[in-house]
Each structure stands twice: as structure tokens, then as C-alpha cells.
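Observations on the three-dimensional arrangement
So you can see what is in the structure, the chains are spelled out below.
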Amino acid sequence: MIREQPIPTIDWLTLAPMTTVVVAGLVALFIEMFRPKQSNGPIVTVSVVGLALAGALTLAQFGMEPGPTFAGMMVRDQVGLVLQLLLIGVCLLTFLFSDPYLREKKIAFAEFYQLALWSTAGGMIMVSTTNMLMLFLGLEVLSIALYCMAGMDRKQAKSQESAIKYFLLGAFASAFLLMGIAYIYGPTGSLDLGGIAMIAAMPESGYLTMAVFGVGMLLVGLMFKAALVPFHQWAPDVYQGAPTNVTAFMAAASKVAAIGALARVLSASGALQEFWLPALFWVAIATMVVGNFAALVQKDVKRTLGYSSIANAGYVLVALLAHVKKPDQVPLTTALFFLVVYCLMTVGSFAVVSLAAKGGEEGTRFQDLHGLWKRAPFAVGCLIVFVASLIGIPPTAGFFAKLFIFQDALSTGLVPLAIVLAVTSAVSVYYYLGIIQATFVSDEGARKTVSANPSFGLNLVCLFCALAVLVVSLAAAPVSQWLRGSTQLPGEAQARSELQLDSGGRVGAR
Amino acid sequence: MLGDFMPILILMAVAGVICGAMVTLSWVLGPKKVTPYKQSPYECGVEPQGDARERFPIKFYLVAILFVLFDIEVVFLWSWLTVFKTGSLEFQVFSGAAVAVYMLLWIIGDAYVIKIGAIDWDEATSLAPEKLGLSPDAEAA
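One numbering rule holds for all chains: residues counted from 1, following each sequence as written. All chains are assigned letters beginning with A, and all ligands numbers beginning with 1, in the order in which they are written. Given that the model is predicted, a residue must reach a pLDDT of at least 70 before its local features are reported, and side-chain atom pairs must reach 80 or more before they are shown or counted; all residues, however, enter totals for whole chains, interfaces and linings.

**Here's the deal with the overall build of chain B**
- Scanning chain B from terminus to terminus reveals five helices and zero strands.
- Elements are defined by DSSP. Helices are runs of H or I of four residues or more, strands are runs of E of two residues or more, and each kind is numbered from the N terminus. The helix and strand sequence of chain B, counted from the amino end, reads α-α-α-α-α.
- Values of the radius of gyration come from C-alpha atoms, whereas the globule rule sets the reference at 2.2 Å times the count of residues to the power 0.38. Against the 2.2 N^0.38 benchmark of 14 Å for 141 residues, chain B shows a C-alpha radius of gyration of 27 Å, more extended than a compact globule.
- Considered along the principal axes of its C-alpha atoms, chain B spans approximately 70 × 60 × 30 Å.
- Counting the 141 residues in chain B, one finds 3% classified as buried. Put simply, a residue is buried when 20 or more other C-beta atoms lie within 10 Å of its own C-beta and exposed when 12 or fewer do; between those, it is partly exposed, and each C-beta is set from the backbone.

**Description of the overall build of chain A**
- The number of helices and strands found in chain A is 20 helices and four strands.
- Relative to its length of 510 residues, chain A is compact, with a C-alpha radius of gyration of 22 Å against a globular reference of 24 Å.
- Each principal axis of the C-alpha atoms in chain A carries an extent, and together these give about 70 × 60 × 40 Å.
- Buried positions account for 61% of the 510 residues belonging to chain A.
- By the criterion used throughout, residues are in contact when their C-beta atoms, derived from the backbone, lie within 7 Å. A sequence separation of at least 24 residues applies to 79% of the contacts in chain A between residues at least 6 apart.

**Some remarks on unusual backbone geometry**
Residue and element names in this part refer to chain A.
- In the segment running from V229 into P230, the intervening peptide bond is cis, with an omega of 5 degrees.
- Mapped onto the secondary structure, P230 falls in the loop between α8 (208-225) and α9 (234-241).
- Even without being glycine, F70 reaches a positive phi, approximately 55 degrees.
- Non-glycine residue K106 carries a positive phi angle of around 60 degrees.
- Note on placement: K106 falls in the loop between α3 (78-104) and α4 (111-127).

**What to know about helix α5 (residues 132-150) of chain A**
- Take the number of residues in a helix, subtract one, and multiply by 1.5 Å to get its expected span. Look at α5 of chain A: 26 Å from first C-alpha to last across 19 residues, which is about the 27 Å you get at 1.5 Å a residue.
- In terms of burial, α5 of chain A is largely enclosed, as 14 of its 19 residues are buried.

**Remarks on the interface of chain A and chain B**
- If you look at the interface, chain A gives 21 residues, while chain B gives 23 residues.
- Residue contributions to the side of chain A that touches chain B peak at four residues, all from helix α1 (residues 12-33) of chain A.
- For the side of chain A that touches chain B, the residue count by class is nine nonpolar, six polar and six charged. Note on residue classes: Ala, Val, Leu, Ile, Met, Phe, Trp, Tyr, Cys and Pro are nonpolar, Asp, Glu, Lys and Arg are charged, and everything else, Gly too, is polar.

**Digging into the confidence of the model for chain B**
Residue and element names in this part refer to chain B.
- Per-residue confidence from the predictor is given as pLDDT, running between 0 and 100. In the predicted model, chain B carries a mean pLDDT of 83, and 92% of its residues have values of at least 70.
- Predicted confidence in chain B is weakest over helix α5 (residues 137-140), with a mean pLDDT of 46, and strongest over helix α1 (residues 6-29), with 94.
- In the predicted structure, residues 137-141 sits below a pLDDT of 50 and forms seven contacts with residues beyond four places in sequence or in another chain.
- Prediction confidence for the complex, expressed as pTM and ipTM, is 0.89 and 0.80 respectively.

Structure, rendered in C-alpha cells:
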């Protein structure tokens, strides 16, 4: 007996960037199989070439017809492409300064590169799918590699703690996500996010409670990944314990992927926003307040930056809420612009902090930055740019990113969020300046080690990030215009007006 | 409203009640004559020796986790085969190619595991000492 099994049509170009990244990782693994003695050079080269190729393949897709492929498993749209490009960029920047750092720390395991590449691929899947199972798959590919990378400094108790903490809590959050998927799959028989709108359109079916519950659980899982209060407790510990290059990658990539997925889930469940909007409203306030105020009392630079990344997640959540509240009026551009700027600032700052490692030792307390100004003036100069941008001082991109969010919040009636954003940003000046101040203290007596000499790659990363932060701010209007392209998630407008349609119009085949 | 899901809810309720009843009732009704010998941990019927919280080589963990990975691989193959045998030729070619890619990933992983000696039962590492920062050469690099 022969049954007709459907064969999906595949748009290979949509899959090409992810495939390239994965294959680059496999080739790098193949090289590592032979345990090259001294240098990770060939592996870094392969990884960087693979990432560049993936970036080119992503760029080539801008302006192409958006739409789903692979039986709705993957989707090509502007949001996904921008975020994919961003993830590739983050990975590339991290690689440029990783090798000297890992050698200084005496943990030059080449497995870092493969894991980071696959993690990036997982993130890229997450941001370009509306299928919940693919979302989960991407999240796990992203996370499992991160768990290993966090524990890479295997002789340090802090690194082990970071890995096990991240793993246990992450597994717990994944369980929430999976349960949420089950609650939406139950009544609709569909794994597409469009199922949520389908249920919302038929309140008389009685499944509304299940859908609300399911969306709530999905949000919990994703909010954990994005480190939003009250699901943030892991972030400072993990960021502190993981090797600094891993922290840079984790802080940027995992946040981009989680926010991208969160944007899709929120857009798809826009019809249920009367239930979750009040909750997320308070989550945003709590995130901004806790992130910024807890950062004030930290004694460790990586922890401070960890809390700062929590606070930044709060800012970008404000942008998302403004978008979901009035999708026609406020495009997703603001959130994307903020994420781009956030990645540049974060990777740059962690790159400078990674100079603290020398000869197998590393101190990341504030006093370990003492005298950095004399030893690495260029890196500190760039750090000043990053910090100015994190604070939001006018000529930098950080200012515009926050300003756009502020405007969006005001124009959609989320005035309290705008006020909290402004006030907590003012509070953040104190701890950000503390980082800069520490680098200028000339007495180096309190240091654990002297700092390493900045490598060429690190200087390159600093230069690129600092220039980008400044250039993006000069070109804020055209850049956000370019991002604007069609940064509405597909089918969003229809999902609002005719609720029986899902986001994409391809669900409902039960 | 929840009609479709009623059977599974009932199943869960019944399972909960039965498990709870068995544990609670045997605890409440069972006779308890406590002796020091009965209180001691059970270790195959012999006197327990030493501390149970002993450290043992991480190799066990590595072997266990590799076993789980390759076990999971078979689970996916099994479900694929059930649709493969009834599919059309076109589907068989398509899904066969997909599974070939999937298997290739496993084979590369397997080759990596064997090549670096992850399942060799000795304490040596296949990493060059330079990579571990043990040699002064690493400083110069």
C-alpha cells in the first residue's frame, strides 16, 4: 500500500545562511578532530569565512519576496533577515577577539568556535520561524551550546557554577515553553503561531482559557531567555562566571534571538493582548528598575554589565509593547534599531573587559580595571564611546535608540513606561561612569593581574563597534528607514482586522 | 468546553489518586517496628561500607551521555522508517536524502568522539600541552 506523503517545496536560499553557519562549524570540527597543536588559526579562519558567506547570503535576500518555505517551518521576512544578520555579526565580532583571550586564560579549546557557530545557527532559526516546534528547536540549539560554553573554563568554580545554574534554570524555562506550545497545539492541532489568533477569533469555542494559559507559558520561557525580571536571576551569575568572550556572545546573541522570538509570539497573540499586556507592562517596569538599581551596588564589572543587559532588555520590551499595541502606527524598527546598537555596545564593552585576563588568571572586579587607561589607551577610548552610548549621551547611537523607544511609548499611550525609562536611564549614569572611572585610577596595587596587551583582533572589534556606534547615530534616520523596509511581521494587519486569519494564512489545516 | 480533553484529565486524576492512596495508606496502615538494622541503607543485603557520596571518574558520565545521544538517534530513525515503507518513491528519495544528511551529522560527531579519544578509558587527554597552557611556548604564541 502506497500512501501519498507530502513533499514540501523548499526555497533553498532562505535556508542557506543557517546551513552555511552549521557547515562552517562542521568543517571546523573536522579540523579539530586532528587536534592541531598550537594554534586555532585554521579553525578561526574557517569560522570567519563561513560567517562572512552566511552574511552575504542573508544580505542577498533583502528585498526578496517574503514568505514561508519548507511547509511553513521557516519564513523569510525583513525582521528575520535583519536579526539573522545581527546574529552573524555578533558571532563574527566575538571570534575576532576570542583567540588571544582564550590563550591568555589557558583554555584555548577550539570547541568554542564550533559551539558558538551552532549556537548562532540556533538563534537564526529562532528569529525566522513562526512554527513553535522550530522555535523550540532553535532555542535548544542556541542554549545547549551556550551551557557548554559557559562552563568552558572548567577548572574555575565560578565557571562551573555558571554552567550548571544556566543549564538547570534554562531546562526549567524550556519546559515552560514546551508546555505552552502543547496548550496551543491542543485546541488548534496546529504548531504555527497563527493558531493563537485562530482561537482568539472563536471565543465561543471555550478554548480561550487554554490559549491564554499557553501564551503565558510561551512568554515565560522566552522572557527567561531574554532575562526579563522576574526571570532574570540567572543572568548576573552566569555572565560573571562564564569566560568573557562567551559572556559577550551570550549577552548579545541570546538576547537578540529571544527578543526576536518574543516579537513574533507577541505579534501573533496580539488579539489576546488584553490579557498579557498589563502583565508585560509591569514586567517592563520591574526589569528597568531592578536592572538599573541592582547594577548600582555591584563590585564586579561583568555583573554590572549583566544587570545593564537586563535593564536594556526592559527598554527593548517597551519598544515591543508599543509595537504590538499599535502595529500600524509603530513599526518594529525601533526595537530592531535598539538591538543593533545594543549588540555593538555590549560586545565592545565585554571585549575591553576581556583584557583583564593574563597568564591563566583573570580578575573582573572594578579594581582590576585600574590603570587600563595607560596600558590600552585605544581600548579605553572605545570603552568610553560604548559607555556613553549605553548611558544614552546624545552624539552616540544609544541616545537615538532610547529616544525612539521613548517616542514610541509616548505615542501609544504607554506614558508610565516612558517615564520609568527616562528615570532609570538617569540612574544608570552612576554605575556606567564607575566603569570608566576605574580604568583611570593609576594605582594598580589592588589588581589581581596586569592586563594583557590588546591584540589586533580586539582593537579591530573596538574600532568597528565604536565607529558603528557613532556612524549609526549620524545616520540614524536612513538606517531606521532601511530597517523599516517591511518590518511589520507578515499578516499582522490582517490578523487584527479579520481574526480568523493567522499570521501568514497557512494554518488551520487540521 | 474541555470535552476533548476530559479523558486525559480523568486519567491524570485517577493516576494521582491511586499513587497518593498507595503511598499514604501504606504509610498510615503499615506496622512500624523500627530497629537500627532496618534503618540502615540497603546495599545488596550486605553491611554498607563507607560513604555513598563518593567521587567517581567523569568518564562514566561521558559514556552515559554519549549513549543517550546515540539512543535518541535511533528513535528518530524508527519513526522515519514507519512512514518510509508506505511512502511513494518520490517521498522515499526525498526523505532518504534528508535522513542521509541527518546521519552524516551523526557520523561526523561519532568520528570526532572516537578521534579525540573521548571514550578511551584512560585519564590522558588528546589535547596538546600547548593548548592547556602547560608549556612556555604557549606564552610566546
